[in-house]
Amino acid sequence: MEPTARRTIVVEGPLAYHRRRLAAARKSEAGVQILAMPHIAARLAGGFQRPARGQDLDAAIRNALRVGTFEDIGRMQELPGMPRAIARALTKLWLADADISEAAKRHGRLRDLLIVERLVRETLPAGALTIRDLRDAALARVVHARTVLGDIELDLRGDVAPLWRQLILGLTRNVGVTWRELSTAASWFPGETVDAEPTAAPPPSVRVSCANPRSEAIEALRWMRELLAKGVPPAEIAISATSTETWDEHFDALSMESALPLHFSHGRGGLATYDGQTCAALADVLIQGLNQRRVRRLFRYARRSKGLEGLLPSWSRPLRRDAALLSVQHWQHALDQISLGEGEIDPRPIVMPIITLLARGPEVAEEAGALLLEKRARALWTDALRRAPASALLLSLEELRLPDRRDPGASVVWCPAHHLAEAPRAYVRLLGLNARSWPRRGSEDPILPSHMVSGGMLDPTWITQQDREHFRIILGRASKALILSRSRRDAQGKTLPPSSLVAQSSGAELELKRTRSPSHAFGEGDRLLARPEEAATLPQINSASLCWQNRQSRAVTAHDGQVREDHPLVLRALGRVQSATSLKALLRDPLGFVWRYGLRWSAPALDNQPLRLEPRVYGELVHDILKHAVLALEPAPGFRQADPQQIQAAIEEARVLIRQKWPLEKPVPPGMLWDHTLARAADLANMALGLDPRITAGSQSWPEALFGQAEASGAHTDLPWPVDVPVPIPGTDVTVNGKIDRLDIRIDDTRRAAQVTDYKTGKPAAAGIILNGGRELQRVTYVLAVRHLRPDITAWQARLVYLTDEGPSTDRLVNIDGAIGTLTQNVTAASALVRRGITLPGEDAEDDTYDLRLAHPASRRVYFEAKRNAIGRVLGATFVESWACP
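(A) Molecular detail of the overall build of the protein chain. Helix and strand content of the protein chain: 33 helices and 23 strands. Relative to the globule expectation of 29 Å for 886 residues, the C-alpha radius of gyration of the protein chain, 38 Å, shows a markedly less compact shape. The C-alpha extent of the protein chain, read off along each of the three principal axes, is 125 × 65 × 55 Å. When each of the 886 residues of the protein chain is scored for burial, the buried share is 49%. Long-range pairs, those at least 24 residues apart, make up 74% of the contacts in the protein chain between residues at least 6 apart in sequence. Carbon together with sulfur atoms contributes 52% to the accessible area of the protein chain, which is approximately 43500 Å² in total. Side-chain charges in the protein chain split into 115 positive and 103 negative, and the spacing between the mean points of these groups amounts to 3 Å.

(B) Up close: the packing of aromatic side chains. What the rule picks out here adds up to 13 aromatic pairs. With 6.4 Å between their ring centres and 80° between their planes, Phe 707 and Tyr 782 make a pair best called edge-to-face. Here the residue Phe 707 occupies a position in strand β17 (residues 699–707), and Tyr 782 occupies one in helix α30 (residues 778–789), the gap between them amounting to 75 residues. Note on Phe 707: relative accessible area 0%, which makes it buried. By the ring-pair criterion, three or more aromatic residues cluster together here, those being Trp 247, Phe 251 and Trp 414. Arg 551 extends its terminal NZ or CZ atom over the ring of Tyr 863, reaching a point 5.5 Å from the ring centre. Positioned over the ring face of Trp 796 is Arg 787, at 4.7 Å from the centre of the ring.

(C) Examining the pattern of salt bridges more closely. Scanning the entire structure with this criterion turns up 60 salt bridges. Across the pair Asp 851 and Arg 596 runs a salt bridge, and its minimum N-O distance is 2.4 Å. Placement of the pair is Asp 851 in the loop between α31 (816–835) and α32 (860–875) and Arg 596 in helix α26 (residues 590–597), with a sequence separation of 255 residues. You can call Asp 851 partly exposed: its relative accessible area is 39%.

(D) Just unusual backbone geometry, in detail. The omega angle of the peptide bond from Trp 438 to Pro 439 is -10°, so this bond is cis rather than trans. Counting through the fold element by element, Pro 439 comes out in the loop between β14 (427–430) and α20 (462–477). Backbone geometry at Asp 97 places phi at a positive 50°, although glycine is not the residue there. Locating Asp 97 in the fold gives a position in the loop between α4 (82–95) and α5 (101–104).

(E) Seen up close, the nonpolar core. Ile 86, Val 116, Leu 154 and Leu 171 are the most contacted members of the largest nonpolar core, which totals 62 residues. For this core, the element with the highest residue contribution is α4, accounting for eight residues. Residue contacts for Leu 171: discarding those within four places in its chain leaves Ile 40, Leu 44, Val 142, Ala 145, Leu 149, Ile 152 and Val 177.

(F) Molecular detail of the pairing of β17. Buried residues dominate β17, accounting for eight of its nine residues. Pairing of β17 with strand β20 (residues 738–747), which is carried by eight bridges, proceeds in the antiparallel orientation. Bridge pairing links Phe 707 to Gly 738 in β20.

(G) Examining the sheet that holds strand β5 (residues 151–154) more closely. Spatially, the five strands line up as an open sheet ordered β2-β1-β5-β6-β7, and their pairing is parallel. At either margin of the open sheet sits one strand with a lone partner, and together these are β2 (32–35) and β7 (192–194). The average undirected angle you get between the axes of adjacent strands in this sheet is 25°. Sheet topology places strand β6 (residues 177–180) next to β7; three bridges connect them, and they run parallel. The partner of Trp 179 across the bridge, within β7, is Thr 193. Contacts between helix α2 (residues 37–45) and the sheet are confined to β1 (7–10) and β2, with β2 contributing the most and set at about 125° to the helix.

(H) Just helix α12 (residues 274–288), in detail. Spanning 15 residues, α12 covers 21 Å between terminal C-alpha atoms, matching the ideal 21 Å at 1.5 Å per step. Within α12, eleven of the 15 residues are buried, which leaves the element mostly enclosed by the surrounding structure. When we look at burial in α12, the residues that qualify are Asp 275, Gly 276, Thr 278, Cys 279, Ala 280, Ala 281, Leu 282, Ala 283, Asp 284, Val 285 and Leu 286. Against the buried residues of α12 lie α13 (292–301), α15 (348–358), α16 (365–372), α17 (375–387) and α18 (393–398). Downstream of α12 by a residue or two, Gly 289 has a phi angle that is positive, lying close to 100°.

Thresholds, definitions, all that
Residues numbered from 1 in each chain as written. Predicted model: local features only at pLDDT ≥ 70, side-chain atom pairs only at ≥ 80, totals over all residues. Heavy atoms only, no water. Helix = DSSP H or I, 4+ residues; strand = E, 2+ residues; numbered from the N terminus. Rg over C-alpha atoms; globule rule 2.2 N^0.38 Å. Buried < 20%, exposed > 50% of the residue type's maximum accessible area, 1.4 Å probe, protein only. Contact = heavy atoms within 4.5 Å. Areas by Shrake-Rupley, 256 points an atom, 1.4 Å probe, with all protein chains shown as cover. Lys, Arg positive; Asp, Glu negative; His and termini not counted. Charge placed at Lys NZ, Arg CZ, Asp CG, Glu CD. Phe/Tyr/Trp six-rings, centres within 6.5 Å; stacked < 30°, edge-to-face > 60°. Lys NZ or Arg CZ within 6 Å of the ring centre and 35° of its normal. Salt bridge = Lys/Arg side-chain N within 4 Å of Asp/Glu carboxyl O. Core = buried A, V, L, I, M, F, W, Y, C linked by side-chain atoms within 4.5 Å. Pairing = 2+ DSSP bridges. Axes fitted to C-alpha atoms, helices over the stretch in contact; angles between N-to-C directions. Expected span 1.5 Å × (residues − 1).

Set out below in structure tokens:
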């Protein structure tokens with residue numbers, strides 16, 4: 001039997017390759033090779049020679065920039081994007097088959113480029129050649145083309161680069177070369193050309209405009225769904241743009257939502273995959289540094305890696321989530337505090353070596369990747385390191401793309417225009433037909449500007465001509481349907497004019513509204529938008545619609561916070577032991593009270609390393625310094641009897657302790673700012689302890705004196721009372737607990753007296769305040785606790801001490817009995833309101849610093865202006881007026 005005749009088909013682009021393979025398979029063809037021009041050259045060159053891959057070139061160029069001595073590019077050789085810029089410049093020179101040796105005599109940069117090219121050739125792996133060297137090797141063996149390749153068919157729509165023309169000319173002298181469906185003039189080609197088979201006249205194009213790029217993607221998927229519903233094979237449908245970056249994320253998300261068969265011919269974004277996110281988590285830790293949130297995220301993604309083998313998922317549960325943990329020492333100390341139960345595994349032997357490695361930063365990127373990444377993630381990581389230095393990992397990871405696993409022969413394709421031009425389809429939708437997008441404007445190469453490489457060697461308008469040619473080819477081959485789509489505005493809202501190319505099409509432009517009801521929906525959400533009657537039957541839609549209507553109403557509704565009477569959640573919140581903070585919420589924001597203490601909502605810490613502490617946290621810092629300083633002074637010498645030097649030494653000791661302790665518990669500023677914050681807080685603490693003159697013996701002081709703490713039973717035996725005894729508010733069933741900032745008790749033969757102090761680090765309020773509208777409850781609850789727990793004391797004082805940079809100021813509570821009576825009255829009224837289900841937002845909810853504002857409508861100002869009067873009427877005038885009382 002005669003052997004099958006060998007034949008080679010030359011294609012360009014992944015879609016053309018898959019199309020010809022599918023066609024050959026359907027015809028049961030044998031002896032057919034489908035190759036691109038670089039692989040044609042490799043087959044001819046023989047000897048296991050191949051074109052250098054991207055990773056080969058990048059590694060060789062980085063090595064050349066490291067070892068070479070340069071005149072001009074030496075200033076830029078360390079920049080992250082330099083290897084890729086050099087690779088693009090060399091590729092342009094090779095494809096143009098340009099000789100810059102003469103021009104290099106006048107320009108140092110071109111001499112540098114020749115040095116890089118020489119070093120690249122010397123350091124490429126064995127068998128890997130630059131495309132120009134590979135072309136030359138193939139030309140030397142072109143006489144063997146009949147045996148190696150057989151007759152050749154060029155299935156190329158456009159012209160070929162000058163680099164390959166000499167090889168094609170050499171092939172025409174040794175084998176039959178036929179160019180099928182040549183769409184551009186190629187006067188240099190002496191072989192046979194075969195025109196495309198005549199097709200029906202293309203249908204008139206339809207011009208549409210969409211609101212923005214995302215709307216364009218949605219309309220494209222609706223159009224795709226419509227064609228598939230009519231029975232059009234997916235292999236005949238294409239969606240394309242000159243550059244796909246603007247729409248890639250939209251198509252990625254929307255196609256997964258709709259489960260439509262959409263193939264990305266240029267690959268899907270690497271970061272959209274689990275492996276890509278694992279790489280991103282590792283890069284985040286290496287570049288941004290250690291903190292608990294980043295490390296937790298990395299360990300969660302890399303849990304199956306060999307470096308974390310044996311680590312239990314619950315290893316981090318004992319760690320305080322508020323702790324920043326910004327250094328190896330912080331992690332070591334935090335893990336040392338973990339108490340292990342019976343049978344639990346100590347995480348330190350696994351975690352600490354990895355933390356120590358990660359703390360070294362980008363310099364250990366390769367080692368960390370090998371330890372913490374699985375096979376596929378490690379391949380992405382290696383590719384990212386090849387593209388740029390480790391310090392630029394976050395940028396190089398964003399550029400990674402992975403091959404789409406969908407078969408393009410059974411899918412609709414989303415592709416760049418140059419892919420579609422090489423493998424046209426019958427049903428086409430072109431996106432982004434705006435000025436500067438179709439066609440794109442050419443620009444000079446940053447490495448090879450026109451004043452260095454002249455004579456049209458590297459034509460900067462080439463990309464513009466290419467886009468025009470691709471547009472012409474696509475239009476000519478879209479035999480069934482052609483939609484020309486553009487955006488009226490970009491993602492930032494800027495108006496976009498139409499492309500000059502759409503003037504070639506006939507018909508008026510159809511403006512597609514973003515809120516229109518489509519005849520064919522691409523997914524369930526889109527279908528419900530098109531069918532409001534069906535959407536209205538869904539409980540979720542009904543609930544959301546009712547919420548929106550109620551929020552627009554000027555009346556008080558259930559969506560403003562009203563619930564049924566004696567709701568169990570409300571009763572549970574009221575039944576807990578209250579603090580001054582929870583009482584403030586009850587009196588000034590009943591809805592916030594239920595959110596925090598009924599639903600147990602809290603605002604997340606958005607910054608693991610803030611530049612400054614929030615006022616509330618700063619106050620806690622001052623209190624913490626005071627607590628540790630007084631504990632160091634008591635019982636001897638006693639801070640009341642201590643001299644200024646002893647007080648200063650105690651404060652310094654407390655500052656050093658807290659400097660190490662706080663980063664293990666909560667977010668703190670970076671090093672220098674943290675030291676400055678501590679120094680300022682220590683000054684305020686010194687001011688507080690030096691506020692009162694030295695007094696006589698018989699007086700004792702306690703910082704952070706606990707009361708009403710049932711969970712602390714048996715502890716803190718040094719306090720003047722048992723800490724677990726409940727402290728009720730007179731006339732109510734509400735009990736309170738807390739910590740008195742400072743308690744002074746003096747007992748002598750004639751008098752038993754106590755003074756409670758509440759330290760404030762904020763701006764002083766007006767003099768003579770009592771409850772300050774419910775804002776200042778601490779000193780009242782403090783003196784209430786002393787009266788209840790120490791009935792033997794007959795005289796009390798309560799004061800606010802404001803610690804400011806200008807000096808301390810004191811505000812004493814004059815009428816203690818009146819203040820307690822007012823507190824009882826207000827708590828009774830607030831408790832009755834919330835028991836009746838009137839849990840509405842109060843005055844504090846309107847503050848711009850309100851931490852749960854995300855739970856309110858987006859336009860809070862408009863909402864409260866509409867609801868304020870109605871909320872006031874329902875809460876009652878007396879309750880609302882209490883917010884303005886002193």
